[in-house]
Amino acid sequence: SIERKGFSSLVPFVMGQVWSVFLSKVVCNVVGNVYPAYASYKAVLSPDSKEHKQWLMYWTVNTLFTVLEIFADSLVSWLPLYYEAKIAFILWLTLPMFKGATVLYNRVVARFLTEYEEDIDRGISHVQAAAGRGINRLRQAGVHHLRTKSTEIFSGLARIVTSADAAAAGDGDRRHPQGGSWQEG
C-alpha cells in the first residue's frame with residue numbers, strides 16, 4: 001500500500017537525522033572540549049604565557065557559546081546544515097591554525113566585558129551575598145530542626161528498640177545477648 005511505502009521510506013530518513021545529530025554532538029564535544037582540555041593541560045606545563053592566554057580566551061568564548069547554545073539549539077536546530085555549521089564554527093574556534101576564539105575574544109567578548117565589567121561585578125557581588133544569606137538561613141533552619149526534632153527522633157528509636165526487645169523476649173526460639181555472650185532466650 002502507498003501509506004506503508006511512505007512510512008517505510010520515512011524511517012531511514014529519521015534514523016539518518018538522529019544519527020547525524022548524535023554524531024555532530026560527539027564531534028562538537030571532542031573538538032570543543034576534549035582537545036582544548038588536553039591542550040590546556042599542555043599549556044599549564046608550558047612556560048609560554050601566550051599559550052596560557054590563548055586557552056584562557058578560548059575557555060571564556062567557549063563558555064559564552066555554550067550558554068548561548070542552550071537557547072540557539074532550541075530555536076534554530078531545525079535549519080538545514082545547522083549541525084554542520086556548528087561543527088565548522090567549533091573547529092574555527094578551537095584549532096590553533098585559525099585561532100577563532102582569540103579573534104572573537106578580542107573583537108567582541110573583551111569589548112563587551114570591559115564595557116559592562118562594573119555592572120557584572122556588582123551583579124556577582126549581589127548574587128554571592130544573597131547566596132551566602134540563603135545558605136546561612138538553611139544552616140540555621142537545619143540546626144533548629146535537629147534541636148527540636150532530635151528528642152522526638154530518639155524517643156521513636158527507643159520505642160522501636162523496646163518493642164523489638166519485647167517481641168524477641170516472647171519468642172523462645174530467638175537468641176538474645178545475655179551477660180556479654182549469646183545464649184538461647
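Every chain is numbered on its own, with residues counted from 1 as its sequence reads. Totals for whole chains, interfaces and linings use all residues, but because this is a predicted model, local features are given only for residues with pLDDT of at least 70 and pairs of side-chain atoms are given and counted only at 80 or more. Side-chain numbers here rest on the full set of heavy atoms in the structure, without hydrogens or water.

Trainee: Please explain the side chain of serine 40 as it appears in this structure.
Mentor: Here serine 40 shows up in helix H1 (residues 2-45). Polar contact is defined as a pair of N or O atoms within 3.5 Å, subject to the rule that within protein one atom must be able to donate a hydrogen and the other to accept it, and that residues adjacent in sequence are counted only when both atoms are side-chain atoms. Polar side-chain contacts of serine 40 include one of 2.7 Å to the backbone oxygen of proline 36. Between two residues, a contact is recorded if the distance between any of their heavy atoms is within 4.5 Å. If we skip the residues at most four places from it in the chain, serine 40 touches Trp55 and Trp59. Helix numbers and strand numbers start at the N terminus; a helix is a DSSP run of H or I with at least 4 residues, a strand a run of E with at least 2.

Trainee: Is there a simple way to explain the packing of helix H2 (residues 49-76) against helix H4 (residues 100-169) in this structure?
Mentor: Helices that pack against each other are described as a pair by the angle of their axes relative to one another and the distance between those axes. Angles shown run from 0 to 180 degrees and are taken between the N-to-C directions of axes, each axis being a line fitted to C-alpha atoms and, for helices, limited to the stretch in contact. Closest axis-to-axis distance for the H2/H4 pair is 9 Å, and the angle between their directions is 70°. The orientation of H2 with respect to H4, classified from their angle, is roughly perpendicular. For the pair H2 and H4, the sense of crossing is left-handed. For the pair formed by H2 and H4, the contact residues are Gln54, Met57, Tyr58, Thr60, Val61 and Leu64 on the first element and Ala101, Thr102, Leu104, Tyr105, Asn106, Val109 and Leu113 on the second. Counted by class, the contact of H2 with H4 contains 9 nonpolar, 4 polar and no charged residues. Angle categories: roughly parallel below 35 degrees, roughly antiparallel above 145, roughly perpendicular from 65 to 115, and oblique for all the rest. For any pair of crossing helices, the crossing counts as left-handed if the nearer helix is rotated counterclockwise from the farther one by less than a right angle, and right-handed if it is rotated clockwise. Residues were grouped as follows: Ala, Val, Leu, Ile, Met, Phe, Trp, Tyr, Cys and Pro as nonpolar; Asp, Glu, Lys and Arg as charged; and all remaining residues, including Gly, as polar.

Trainee: Just to check I follow, could you spell out the nonpolar core for this structure?
Mentor: When a protein is soluble and globular, its nonpolar side chains tend to lie buried together. Membership of the largest hydrophobic core is limited to 8 residues, which are Ala39, Ala43, Trp55, Tyr58, Val61, Leu93, Ala101 and Val109. Breaking this core down by element, the ones donating at least two residues are H1, H2 and H4. Broken down by element, the residue count for this core peaks at 3 residues, all from H2. Residues contacting alanine 101, with those up to four places away along its chain left out, are Tyr58, Val61, Trp92 and Leu93. Among buried residues, those of type Ala, Val, Leu, Ile, Met, Phe, Trp, Tyr and Cys that are joined through side-chain atoms within 4.5 Å constitute a nonpolar core. Here's how the labels work: a residue is buried when its accessible area is under 20% of the maximum for its type, exposed when over 50%, partly exposed in between, all with a 1.4 Å probe on protein chains only.

Trainee: Hey, could you run me through the packing of aromatic side chains in this one?
Mentor: For any pair of aromatic rings, geometry is given as the distance between the ring centres together with the angle between the planes. Centre distance within 6.5 Å is the pairing criterion for rings of Phe, Tyr and Trp, where only the six-membered ring of Trp is used; planes under 30 degrees apart are then read as stacked, over 60 as edge-to-face, and the remainder as tilted. Per the stated rule, a full pass over the model turns up 8 aromatic pairs. When the centroid spacing of 5.8 Å and the interplanar angle of 35° are considered together, the rings of tyrosine 38 and tyrosine 41 count as tilted. Linking tyrosine 38 with tyrosine 41, this pair stays in helix H1, spanning 3 residues, or about one helical turn. Here tyrosine 41 falls in the partly exposed class, since its relative accessible area comes to 46%. Grouping aromatic residues by their ring pairs yields a cluster made of Tyr35, Trp55, Tyr58 and Trp59.

Trainee: Looking at this model, I keep getting lost on the pattern of salt bridges. Mind explaining?
Mentor: A side chain with one charge can pair with a side chain of the opposite charge if their charged atoms come near. For salt bridges, the criterion is a side-chain nitrogen of Lys or Arg within 4 Å of an Asp or Glu carboxyl oxygen. As enumerated under the stated definition, the model contains 4 salt bridges in all. Across the salt bridge formed by arginine 122 and aspartate 119, the nearest N and O atoms sit 2.4 Å from each other. Taken as a pair, arginine 122 and aspartate 119 lie in helix H4 at a separation of 3 residues, close to a single helical turn. Of the charged contacts, one joins glutamate 152 and lysine 149 as a salt bridge, the two residues approaching to 3.7 Å between their closest N and O atoms. Of this pair, glutamate 152 and lysine 149 both sit in helix H4, 3 residues apart, which is roughly one turn of that helix.

Trainee: Looking at this structure, how should I read H2?
Mentor: Two residues of an α-helix separated by three or four positions point the same way, owing to the 3.6 residues in each turn. Between the first and last residue of a helix there are one fewer steps than residues, each counted as 1.5 Å, and that sum is the expected span. Helix length check: H2, at 28 residues, gives a terminal C-alpha distance of 38 Å against a target of 40 Å (1.5 Å per residue), a fit within 8%. For H2, the full list of buried residues reads Gln54, Trp55, Met57, Tyr58, Val61, Asn62, Phe65, Glu69 and Asp73. The distance from a side-chain oxygen at the start of H2 to the backbone nitrogen of lysine 50 is 3.1 Å, and the residue carrying that oxygen is aspartate 48.

Trainee: Mind showing me how you'd approach the confidence of the model for the protein chain here?
Mentor: Predicted coordinates in areas of low pLDDT are best not read in detail. The pLDDT value tells you how sure the predictor is about a given residue, anywhere from 0 up to 100. Confidence along the protein chain averages 85 in pLDDT terms, with 83% of residues attaining 70 or more. Across the protein chain, the secondary-structure element scoring lowest on mean pLDDT is strand S2 (residues 181-184), at 50, and the one scoring highest is helix H3 (residues 82-94), at 93.

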